[in-house]
2 protein chains.
Amino acid sequence: MNLKELARKLDLSPTTVSRALNGYPEVNEETRARVAAAARRYNYAPNSRAIRLATGKAMAIGHVIPIAARHEIVNPVFADFIAGAGETYSRSGYDMVLTVVPDMDEERVYRELKARGTVDGIILHAPRLQDARLALLTEIGFPFVVHGRVTEATLPYSWVDVNNRRAFLRATEFLLDLGHRRIGLINGLEFMDFAFRRRSGFEQALAARGLTPDPALMASDEMTETAGYRAASRMLGLAAPPTALLVSSMISAIGARRAIQDRGLTLGRDVSVIIHDDELSYLRNGEAVPIYTATRSSVREAGRLAAQMLLDIIADPASAPQQRLLEAELIIGQSTGPAPQA
Amino acid sequence: MNLKELARKLDLSPTTVSRALNGYPEVNEETRARVAAAARRYNYAPNSRAIRLATGKAMAIGHVIPIAARHEIVNPVFADFIAGAGETYSRSGYDMVLTVVPDMDEERVYRELKARGTVDGIILHAPRLQDARLALLTEIGFPFVVHGRVTEATLPYSWVDVNNRRAFLRATEFLLDLGHRRIGLINGLEFMDFAFRRRSGFEQALAARGLTPDPALMASDEMTETAGYRAASRMLGLAAPPTALLVSSMISAIGARRAIQDRGLTLGRDVSVIIHDDELSYLRNGEAVPIYTATRSSVREAGRLAAQMLLDIIADPASAPQQRLLEAELIIGQSTGPAPQA
DNA sequence: TTGAAAGCGGTACCAC
DNA sequence: GTGGTACCGCTTTCAA
């Protein structure tokens, strides 16, 4: 059933039917009611391909995942962000198009996405400290919002980010307050902007107490279980091992825990662990546990916001750039961390 | 730049330009070369909205995630499947549309997806033991492939699945061979088809040795850290606690590990753990660890296959239904499991 | 308040 | 081998 057929059944013109269905004011209310009833009766739904061609809008937003960051898609942070964005889109009648691109021809993909008009705008994931995509998208005039920030950007741009620096600053301070002096940082790849910021928060907290970060107690690698295991294992094998670990992702933290176990150490006695990007709700019930920070619900909220921001910018390009910094929902449980060694 | 403009520049008709670009044989090769050059020069890319309207194809596949299974999106299994499917789509010029639907109006969503022609077909995720969506999609004639199976289906349908039953059967056998007799199963919600199959494999292995499954040693809940913690904690507190745990997801396994620790037990000495849905590559390097099973790469392959299967079915509906069962890539590490108690 | 008709940017059939 | 033209199913002036 399409518009023309429906109009014929009603003995009306397609124009009027279209107007009635789309809430135009000039339609006789009685007519509108008849049309609405018929539409329901015949299960009419407007063809989205036709609407898109006629209006020149794609009614879709692209989420582009560089394949280099493919493990990224498995990252709960990414998934939560997507879930949040999806809520916004479905409320606004937009589709969410997921594109996985081999990073060799990233530029071609973005250019084509624009030229073919598949999507109206883009959410950029996994930004680097400096990221060529900003300039490209700005140049071709493609609306976009970055999930995260690009520290070394030279152009204004829109972004939504969680305050990674502060989250790690506070977590580090917390450990310092407990008396820890040798804290290991197991971080993501630090050409990624978020990882860079996390380290900066970590170092800032140490510096504020007059401490110099020990390079041996800092690791930067993919946030996989393997990498977490290796990093933790190496640090714990040092002559002066860390008494606490600050881990940048839940996945690496699994590896870190395993490393602790393999060395015959006990979490919460020999080592405290802080996990970022994690949410263990049972910890909220007041059970004795190590400390941790959580951002997962913040990230979902970031997804909702970023999507809405992009829709707003598409509706009114003059409103760009917009920025929004969310505080990480930092939750610190009751600590059973070790008495720090002298 | 659109087709008409490009044609004008070349002093050719839109028809010829279209044919040249789309590889029709009747075009003069010299002409084709000229057209190709101009297209590149002017950065021409055909408008996908126009193509879609003209051809009546959406060139897009929908992946629908029931919001009830929203944590599902965070599940590595889901993400890997998506990543695999994405590879297939980008090779075939298809888009992947992710739709998160509140399960209240699931039916409406599917009907509209069909009526509006947003996508050419659907991949169905998170199927239940019996799932009304099969009948609905079949009735409205919407091509689809299920990621997983629907045990109590009454209609033929297409699916791609990983052999969950066998994976859990083998894992259980492995533990039995080690001498374990009290094995705890921490499973997902068993109205979900995959979870049902996993339990069935578990029970089948026990039955083959004349053992009766102990209800106290079986848990079925969401695959969250919280649930994993609770289930493991409960089982370990029994008068006759399990000497090994078989856990259905990496996330629940984190909780299970934490429960083991909280009770002062040691993994690999007091308790063995098997994780499904997990891939710990460092375990492959021969380090002494408990046992585990892995399906993650199988799942990515499943995603590739399911996408391809759907594209084939769309191209030739007569080829449906198609089915494909993949064996889980079962990896069993060197065990450090406990000597089972008498 | 309603309708006729011209697009939107391609595809594909039919002539030449 | 190339071009003319009628769609695809809507939206959106412009007239009535």
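Reading the values: the criteria
- Residues numbered from 1 in each chain as written.
- Chains lettered and ligands numbered in written order.
- Predicted model: local features only at pLDDT ≥ 70, side-chain atom pairs only at ≥ 80, totals over all residues.
- Heavy atoms only, no water.
- Near = heavy atom within 4 Å.
- Polar contact = N/O pair within 3.5 Å; in protein donor to acceptor, adjacent residues only side chain to side chain.
- Helix = DSSP H or I, 4+ residues; strand = E, 2+ residues; numbered from the N terminus.
- Salt bridge = Lys/Arg side-chain N within 4 Å of Asp/Glu carboxyl O.
- Axes fitted to C-alpha atoms, helices over the stretch in contact; angles between N-to-C directions.
- Parallel < 35°, antiparallel > 145°, perpendicular 65-115°, else oblique.
- Contact = heavy atoms within 4.5 Å.
- Nonpolar A, V, L, I, M, F, W, Y, C, P; charged D, E, K, R; others polar.
- Pairing = 2+ DSSP bridges.
- Buried < 20%, exposed > 50% of the residue type's maximum accessible area, 1.4 Å probe, protein only.
- Right-handed = clockwise from strand over helix to strand, strands pointing away.
- Domains from an automatic or database assignment.
- Buried area = accessible area lost by both parts, 1.4 Å probe.
- Phe/Tyr/Trp six-rings, centres within 6.5 Å; stacked < 30°, edge-to-face > 60°.
- Lys NZ or Arg CZ within 6 Å of the ring centre and 35° of its normal.
- UniProt positions renumbered as here; feature names shortened; annotations may be inferred.
- Left-handed = near helix turned anticlockwise from the far one by under 90°.

(A) Focus on the protein's contact with DNA strand C. Not every one of the 25 residues close to DNA strand C is listed here, only the nearest: Thr16(A), Arg19(A), Thr31(A), Leu3(B) and Ser18(B). Taking the atoms of DNA strand C that fall within 4 Å of the protein, sugar and phosphate contribute 57% of them. Between DNA strand C and the protein, one listed contact pairs a phosphate oxygen with a backbone N or O atom of Ser13(A) at 3.0 Å. Here a phosphate oxygen of DNA strand C and a backbone polar atom of Leu3(B) are 2.7 Å apart. For the surface near DNA strand C, the secondary-structure elements that each account for two or more residues are α2 (14-21) and α4 (48-55) of chain A together with α2 (14-21) and α4 (48-55) of chain B. No other element matches α4(B), which puts 4 residues into the surface near DNA strand C.

(B) Focus on the pattern of salt bridges. In total, this model carries 38 salt bridges over all chains according to the counting rule given. Between Arg166(A) and Glu327(A) there is a salt bridge, with the nearest N and O atoms lying 2.9 Å from each other. Of this pair, Arg166(A) sits in helix α8 (residues 164-177) while Glu327(A) is found in the segment after β10 (323-326), placing the two residues 161 residues apart along the sequence. Glu190(B) serves as the salt-bridge partner of Arg199(B), at 2.6 Å between the closest nitrogen and oxygen. One continuous salt-bridge network, built from bridges that share partners, spans Asp80(A), Glu87(A), Arg300(A), Glu301(A) and Arg304(A).

(C) Representation of the packing of α2(B) against helix α3 (residues 29-41) of chain B. All names here are of chain B. Two numbers describe how α2 lies on α3: the axes approach to 9 Å, and their chain directions differ by 90 degrees. When the axes of α2 and α3 are compared, the pair comes out roughly perpendicular. Counted together, Thr16, Val17, Arg19, Ala20 and Leu21 of α2 and Thr31, Arg32, Val35, Ala36 and Ala39 of α3 form the full contact between these two elements. Grouping the amino acids of the contact of α2 with α3 by side-chain chemistry returns 6 nonpolar, 2 polar and 2 charged.

(D) View of the sheet that holds strand β1 (residues 60-66) of chain B. One open sheet accounts for 12 strands, arranged β10(A)-β5(A)-β4(A)-β3(A)-β1(A)-β2(A)-β2(B)-β1(B)-β3(B)-β4(B)-β5(B)-β10(B); its pairing is mixed. Each edge of the sheet is formed by a strand with only one pairing partner; in this case those strands are β10 of chain A together with β10 (323-326) of chain B. On average, each strand axis in the sheet is inclined to that of its neighbour by 20 degrees, with strand direction left out of account.

(E) Just the pairing of strand β3 (residues 121-124) of chain A, in detail. Residues and elements named next belong to chain A. Residues Gly121 and Ile123 line one face of β3 and the alternating positions Ile122 and Leu124 line the opposite face, and both faces are buried. Bridge count between strand β1 (residues 60-66) and β3: 4 bridges; the pairing is parallel. When the sheet's bridge partners are listed, Val64 is paired in β3 with Leu124. Pairing of β3 with strand β4 (residues 144-147), which is carried by 3 bridges, proceeds in the parallel orientation. Residue pairing across strands places Ile122 opposite Phe144, the latter belonging to β4. Following the chain from β3 across helix α7 (residues 132-139) to the adjacent parallel β4, one finds a crossover that is right-handed.

(F) Representation of the protein's contact with DNA strand D within the structure. In the vicinity of DNA strand D, 24 residues are found, and the nearest of them are Leu3(A), Ser18(A), Thr16(B), Arg19(B) and Thr31(B). When the atoms of DNA strand D within 4 Å of the protein are sorted by group, sugar and phosphate make up 61%. A distance of 2.8 Å separates a phosphate oxygen of DNA strand D from a polar backbone atom of Leu3(A). Within the backbone of Ser13(B), one N or O atom sits 3.0 Å away from a phosphate oxygen of DNA strand D. Looking at the surface near DNA strand D, the elements that each hand over two or more residues are α2 and α4 of chain A together with α2 and α4 of chain B. The biggest single contributor to the surface near DNA strand D is α4(A), with 4 residues. Per-class residue counts for the surface near DNA strand D are 11 nonpolar, 11 polar and 2 charged.

(G) Quick peek at the side chain of Arg197(B). Tracing the backbone through its elements, the reader meets Arg197(B) in helix α9 (residues 193-208). Residues within four places of Arg197(B) in sequence aside, it is in contact with Arg149(B), Thr151(B), Asp161(B), Asn164(B) and Arg165(B).

(H) Quick peek at the domain arrangement of chain A. Residues and elements named next belong to chain A. We note that the domain assignment places domain 1 (60-162 + 299-326) and domain 2 (164-297) within chain A. Facing 17 residues of domain 1, the contacting portion of domain 2 comprises 14 residues. Both sides together, the interface formed by domain 1 and domain 2 hides about 1500 Å², and carbon and sulfur atoms give 52% of it. In this assembly, domain 1 and domain 2 are joined by 0 salt bridges. Viewed at the interface, domain 2 and domain 1 are joined by 5 residue pairs in polar contact (both at pLDDT 80 or more).

(I) How the structure looks around the packing of aromatic side chains. The full count for this structure, using the stated rule, is 0 aromatic pairs over all chains. Above the plane of the ring of Phe142(A) lies Lys114(A), whose end atom (NZ or CZ) is 6.0 Å from the centre.

(J) Representation of the UniProt feature "domain: HTH lacI-type" (unreviewed entry) in chain A within the structure. As recorded in UniProt, the sites labelled "domain: HTH lacI-type" (unreviewed entry) are residues 1-55 of chain A. Measuring from the first to the last C-alpha atom of residues 1-55 of chain A gives 21 Å, for a span that is 67% helix and 0% strand.

(K) Highlighting the packing of helix α10 (residues 225-236) of chain A against helix α11 (residues 250-262) of chain A. Residues and elements named next belong to chain A. The geometry of α10 relative to α11 is characterised by a closest axis approach of 7 Å and an angle of 40 degrees between their N-to-C directions. The orientation of α10 with respect to α11, classified from their angle, is oblique. In the crossing of α10 with α11, the sense of the turn from one axis to the other is right-handed. Residues Glu225, Gly228, Tyr229, Ala232, Ser233 and Leu236 of α10 form the contact with α11, whose own contacting residues are Ile251, Ser252, Ile254, Gly255, Ala256, Arg258, Ala259, Ile260 and Asp262.

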